[in-house]
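# Report on the structure
Single-letter residue listing:
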Amino acid sequence: MTQRLNEGKVAIVTGAGGGIGREIALALADSGARVLINDIGVSLQGEGGSASPAEETLGLIRQRGGDGAINTDSVSDWDSARRIVSSAIDAFGRVDIVVNNAGILRDTIFHKMSAEDWLSVINVHLNGSFFVSRAAAEHFRAQNSGAFVHMTSTSGLIGNFGQANYSAAKLGIVALSKSIALDMQRYNVRSNCIAPFAWSRMTDSIPAETPEQKARVENLQRMTPDKNAPLAVYLASDAASAVNGQVFAARNHEIFLMSQSRPLRSVHSDNGWTPQSIAEHGMPALRGSFMDLARSPDVFSWDPI
């Protein structure tokens, strides 16, 4: 049983019908929170819709002695996002924690990506995180407390093939989280990000044909969704009162503090720069500090611990 760090608090977890979202919802309930389970029950591509995934999560919470409620509104619309927050208020009288986890995938190589592929992913991940956070912010400000936990991804922090929409949304969430942290710290509101590693329906399309691919998939399958929940529960709790505006990654038994953009190196010219002098002097001086075109698997090249 998780130590009850969030006793008496109310948490909203979007996309809580399965995978990482479900495990976070269960862990928050174990930590004493009453949980609003938001899930519209769609496919990984955002198609269909059913209350049954949320009902399964609620059943599991109640089996473990916890309390919860269900909301099936979409995060990707301003009004429906406000209904998500209102549902928590109606059910439990307050809201203290928001975990922005809902997501879909429309992976395709950039030069073949359609407008629908782009907009659908941006709407759920980035717009959804803003809409739900903005709706909760009014309550957080009024009560002078609150915690946001947003799911980002190393696809955005580092890079990946065929995920321009997902990567852009996930990196945008980091900027959104930092802005929330800066704007709302005066109201004792915190905002942090987690880049989760887990084998779920969002990763089970990874090819496993060559021996190297099969070995990678086997390593990924060891990283079950529940391994990300402890960090989310901690960041949502008062125990993390001094943690704000940070980006973490959780991979099996590892927790990483991720870097954020800062100047790496500079060059100076007394007479200013011309395109020619940049080409001849400026860029050669900076080139040694260039970031390479790495992907997440290149940077996290060792097996999960």
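In the nomenclature of an unreviewed UniProt entry, the chain corresponds to SDR family oxidoreductase from the organism Pseudomonas nicosulfuronedens. Turning to the chain, the UniProt record has this under Sequence similarities (unreviewed entry): "Belongs to the short-chain dehydrogenases/reductases (SDR) family."

### Some words on the sheet that holds strand E5 (residues 146-151)
Strand order in the open sheet formed by 8 strands is E3-E2-E1-E4-E5-E6-E7-E8, with mixed pairing between adjacent strands. The open sheet has two edge strands with one neighbour each: strand E3 (68-71) and strand E8 (254-257). In this sheet, adjacent strand axes meet at a mean angle of 20 degrees when their direction is disregarded. Contacts between helix H6 (residues 164-184) and the sheet are confined to E5, strand E6 (189-196) and strand E7 (247-251), with E6 contributing the most and set at about 160 degrees to the helix.

### Some words on the pairing of strand E4 (residues 97-100)
In E4, alternate side chains face the same way, and those of Ile97 and Val99 on one face and Val98 and Asn100 on the other are all buried. When strand E1 (residues 10-14) meets E4, the two strands line up parallel, connected through 3 bridges. Looking at the pairing, Ala11 lines up with Ile97 of E4. Two elements, E4 and E5, share 4 bridges in a ladder whose sense is parallel. For Val99, the partnering residue across the bridge sits in E5 and is Val149. Handedness of the crossover joining E4 and E5 through helix H4 (residues 115-143) is recorded here as right-handed.

### Thoughts on the packing of helix H1 (residues 19-30) against helix H2 (residues 52-63)
Axis separation between H1 and H2 bottoms out at 10 Å; the angle between their running directions is 30 degrees. With respect to H2, the element H1 is oriented roughly parallel. As for how H1 packs across H2, the hand of that crossing is right-handed. Across the interface between the two elements, Arg22, Ala25, Leu26 and Ala29 of H1 pack against Pro53, Glu56, Thr57, Leu60 and Ile61 of H2. For the contact of H1 with H2, the residue count by class is 6 nonpolar, 1 polar and 2 charged.

### Looking at the packing of aromatic side chains
The final tally for this structure, using the stated rule, is 8 aromatic pairs. Ring centres of Phe140 and Phe148 lie 4.9 Å apart, and the angle between their planes is 55 degrees; on these two criteria the pair is classed as tilted. A residue is classified by how much of its surface remains accessible, and Phe140, at 0% relative accessible area, is buried. The buried category is assigned to Phe148, whose relative accessible area is 1%. Ring plane angle 40 degrees and centroid distance 5.7 Å describe the contact between Phe300 and Trp302, whose orientation is recorded as tilted. Of the residues examined, Phe300 reaches a relative accessible area of 9% and is grouped as buried. Under the relative-accessibility criterion, Trp302 is labelled partly exposed at 37%. One aromatic cluster is present, built from ring pairs that chain together Phe197, Phe256, Phe300 and Trp302.

### Here's the deal with the pattern of salt bridges
As a working rule, side chains carrying opposite charge can pair if their charged atoms are close by. Taken as a whole and assessed by the stated rule, the structure comprises 11 salt bridges. A salt bridge links Arg4 to Glu7, with the nearest nitrogen and oxygen atoms 2.4 Å apart. Measuring nitrogen to oxygen at the nearest pair gives 3.0 Å for the salt bridge that ties Arg82 to Glu138. Remark: Glu138 occurs in helix H4 and Arg82 occurs in helix H3 (residues 78-92); sequence separation between them is 56 residues.

Reading the values: the criteria
Residues numbered from 1 in each chain as written. Predicted model: local features only at pLDDT ≥ 70, side-chain atom pairs only at ≥ 80, totals over all residues. Heavy atoms only, no water. UniProt positions renumbered as here; feature names shortened; annotations may be inferred. Pairing = 2+ DSSP bridges. Helix = DSSP H or I, 4+ residues; strand = E, 2+ residues; numbered from the N terminus. Axes fitted to C-alpha atoms, helices over the stretch in contact; angles between N-to-C directions. Contact = heavy atoms within 4.5 Å. Buried < 20%, exposed > 50% of the residue type's maximum accessible area, 1.4 Å probe, protein only. Right-handed = clockwise from strand over helix to strand, strands pointing away. Parallel < 35°, antiparallel > 145°, perpendicular 65-115°, else oblique. Left-handed = near helix turned anticlockwise from the far one by under 90°. Nonpolar A, V, L, I, M, F, W, Y, C, P; charged D, E, K, R; others polar. Phe/Tyr/Trp six-rings, centres within 6.5 Å; stacked < 30°, edge-to-face > 60°. Salt bridge = Lys/Arg side-chain N within 4 Å of Asp/Glu carboxyl O.

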